[in-house]
Amino acid sequence: MSKKRIRYPLSTLGMLLGLVIAYCSFMFASQMTWELYLQNEDFKKSTTDRMGIVIQLFYSTNNILTNFSDTKVLTYISGISLFVDSYETESSVHIFLNIPTEFPFKFVQGGLPEDLTNTNERAVVLGKKMKPYTYQKNGKDYFKVCEEEYIVTGYIAAEKSSSLDRKIFLFYNQLGQNAKRDIDYFAKTNGIFISMQDDKANLVDLYKEKEEILHDKVDFISFSNDMLDDTYDYDIGMVEYRKYSYLLYLFAIILIIMIMELWIAQRKKEFAIRRAVGYTRI
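This one's a predicted model, so the numbers in the text were calculated from it and none came from an experiment. (Residues numbered from 1 in each chain as written. Predicted model: local features only at pLDDT ≥ 70, side-chain atom pairs only at ≥ 80, totals over all residues. Heavy atoms only, no water.)

Caption draft 1: View of the overall build of the protein chain. Regarding its fold elements, the protein chain presents 5 helices and 11 strands. A total of 282 residues make up the protein chain; the buried ones form 40% of that total. Sequence separation of 24 or more characterises 77% of the internal contacts of the protein chain that already satisfy a separation of 6 or more. Carbon and sulfur atoms provide 55% of the accessible area of the protein chain, an area that totals close to 16900 Å². (Helix = DSSP H or I, 4+ residues; strand = E, 2+ residues; numbered from the N terminus. Buried < 20%, exposed > 50% of the residue type's maximum accessible area, 1.4 Å probe, protein only. Contact = heavy atoms within 4.5 Å. Areas by Shrake-Rupley, 256 points an atom, 1.4 Å probe, with all protein chains shown as cover.)

Caption draft 2: Seen up close, the layout of surface pockets. What the second largest pocket holds in volume is close to 200 Å³. What lines the second largest pocket is simply Phe-271, Arg-274, Arg-275, Tyr-279, Thr-280, Arg-281 and Ile-282. Broken down by class, the residue content of the lining of the second largest pocket amounts to 3 nonpolar, 1 polar and 3 charged. (1 Å grid on protein atoms, 1.4 Å probe; cavity = no way out; pocket = protein on both sides within 12 Å on 5 of 7 lines; lining within 4 Å. Points joined across faces, edges and corners; volume = space filled by probe spheres on them. Nonpolar A, V, L, I, M, F, W, Y, C, P; charged D, E, K, R; others polar.)

Caption draft 3: Main features of the side chain of Asp-184. Residue placement: Asp-184 occurs in helix H2 (residues 177-189). Look at Asp-184: it is buried, it has no salt bridge, and the nearest opposite charge is Lys-180 at 8.4 Å. Of note is the side chain of Asp-184, whose polar atom sits 2.6 Å from the side chain of Tyr-59. (Lys, Arg positive; Asp, Glu negative; His and termini not counted. Salt bridge = Lys/Arg side-chain N within 4 Å of Asp/Glu carboxyl O. Polar contact = N/O pair within 3.5 Å; in protein donor to acceptor, adjacent residues only side chain to side chain.)

Caption draft 4: Region of interest: the packing of aromatic side chains. Tallied over the full model, the rule gives 14 aromatic pairs. Ring centres of Phe-58 and Phe-220 lie 6.1 Å apart, and the angle between their planes is 75°; on these two criteria the pair is classed as edge-to-face. Separated by 162 residues along the polypeptide, Phe-58 in strand E1 (residues 51-58) and Phe-220 in strand E11 (residues 220-224) bring together distant segments of the chain. Here Tyr-135 and Tyr-142 contribute two aromatic rings whose centre-to-centre distance is 6.2 Å and whose plane-to-plane angle is 25°, an arrangement assigned as stacked. Taking the ring centre of Tyr-150 as reference, the NZ or CZ of Arg-122 above it sits at 5.8 Å. Its end group placed over the ring of Tyr-142, Lys-137 keeps NZ or CZ at 5.3 Å from the ring centre. (Phe/Tyr/Trp six-rings, centres within 6.5 Å; stacked < 30°, edge-to-face > 60°. Lys NZ or Arg CZ within 6 Å of the ring centre and 35° of its normal.)

Caption draft 5: Representation of the pairing of strand E8 (residues 148-157) in the model. Where burial is concerned, most of E8 is hidden: 9 out of the 10 residues are buried. Looking at chain direction, strand E4 (residues 106-110) and E8 are connected through 4 bridges and run antiparallel. Along E8, the bridge assignment pairs Lys-106 with Ala-157. Pairing between strand E7 (residues 140-145) and E8: 4 bridges, direction antiparallel. (Pairing = 2+ DSSP bridges.)

Caption draft 6: Structural view of the nonpolar core. With 40 residues, the main nonpolar core has Leu-57, Leu-65 and Ile-95 as its most contacted residues. Among residues more than four places away in sequence, those in contact with Leu-57 are Ile-64, Leu-65, Phe-68, Ala-187, Gly-191, Ile-192, Ile-194, Val-218, Phe-220 and Ile-221. Among the nonpolar cores identified, the runner-up in size contains 12 residues, and Val-125, Ile-156, Ala-158 and Phe-171 belong to it. (Core = buried A, V, L, I, M, F, W, Y, C linked by side-chain atoms within 4.5 Å.)

Caption draft 7: A look at the pattern of salt bridges. If you walk through the whole model with that rule in mind, you get 6 salt bridges. Where Asp-165 meets Lys-129, a salt bridge forms, and the shortest distance between an N and an O atom there is 3.9 Å. Linking Asp-165 in the loop between E8 and strand E9 (168-171) with Lys-129 in the loop between strand E5 (123-127) and strand E6 (135-137), this pair joins segments that are 36 residues apart in sequence. Note on Asp-165: relative accessible area 3%, which makes it buried. Of the charged contacts in the structure, one is a salt bridge between Lys-131 and Asp-141, with a shortest N-O distance of 2.6 Å. Linking Lys-131 in the loop between E5 and E6 with Asp-141 in strand E7, this pair joins segments that are 10 residues apart in sequence. Accessibility expressed as a relative area gives 35% for Lys-131, which makes it partly exposed.

Caption draft 8: Just H2, in detail. If you check H2, its first and last C-alpha atoms are 18 Å apart, about what 13 residues at 1.5 Å a residue would give, namely 18 Å. Those residues of H2 that fall on the buried side of the exposure criterion are Ala-179, Ile-183, Asp-184 and Ala-187. Within H2, the buried residues cover an arc of 140° as seen down the axis, which keeps them to one side. When the buried face of H2 is taken as reference, the exposed residues oriented beyond 90 degrees from it are Gln-177, Arg-181, Tyr-185 and Lys-188. Its buried side turned inward, H2 meets E1, strand E2 (74-84), strand E3 (89-96), E8 and strand E10 (192-198). Where H2 terminates, the next one or two residues include Gly-191, which has phi positive at roughly 85°. (Expected span 1.5 Å × (residues − 1). Arc of directions from axis to C-beta.)

Caption draft 9: Summary view of unusual backbone geometry. Positive phi is not limited to glycine here, since Glu-88 has a value of about 60°. The phi dihedral of Glu-147 is positive, around 65°, even though this residue is not glycine. Residue placement: Glu-147 occurs in the loop between E7 and E8. Here Glu-147 falls in the exposed class, since its relative accessible area comes to 59%.

In structure tokens:
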């Protein structure tokens, strides 16, 4: 009994390869399109739920930021670069200047470091995909920033997307001296941005109160009504990857068409015989 042989191995293999490439590239691009949509939805929800102002601050003296820790509104230093030991490089970190009464993000494990407010323990809240970068001691997770150890009190995630999965949130009252030194250095050289957000409070009046207290203690202070919310990641690089995936998909389709032409050319005699015995073109 003879084995069944593939009559046109080159065209068959090329067809299968083209279909696999087309399927994978299209699915990859579709997943990225969906993730970008979810990230945008989470971002829009975060900006519509709260009003906000951004304060730009330059100062040369210490203990300036403690003046913002008494506010009841959501107040944090927006995206400052600190050295993260687990990454062995600098990374964008957000630092809350108070423990917010209503934390704007959903915890999937743990919670805020409220129990550590009157202790010397340093605390951090991480995105859920940051857990592999932690280490354990006494059954608890720890994370290092600026060569200082922080206990992880909770892990957060966005409602729909992965836009909070790799975030690092510190708290000024549970912050190490090395991190405070670096923040003061940034405030002296490049300035820092403080975001204040709330859905009820008059943030402009609150800013004026702080400005009156700090006007002779800081080098520069101003505010903008344009809300800056960089707590959610929006992966711009994913837009480029999606474009390349669709280009690969288009290439795969062209490849399939070319292979089909080769397959037809290889079977030209067979088609002629079939036509002669009554087969239609279809």
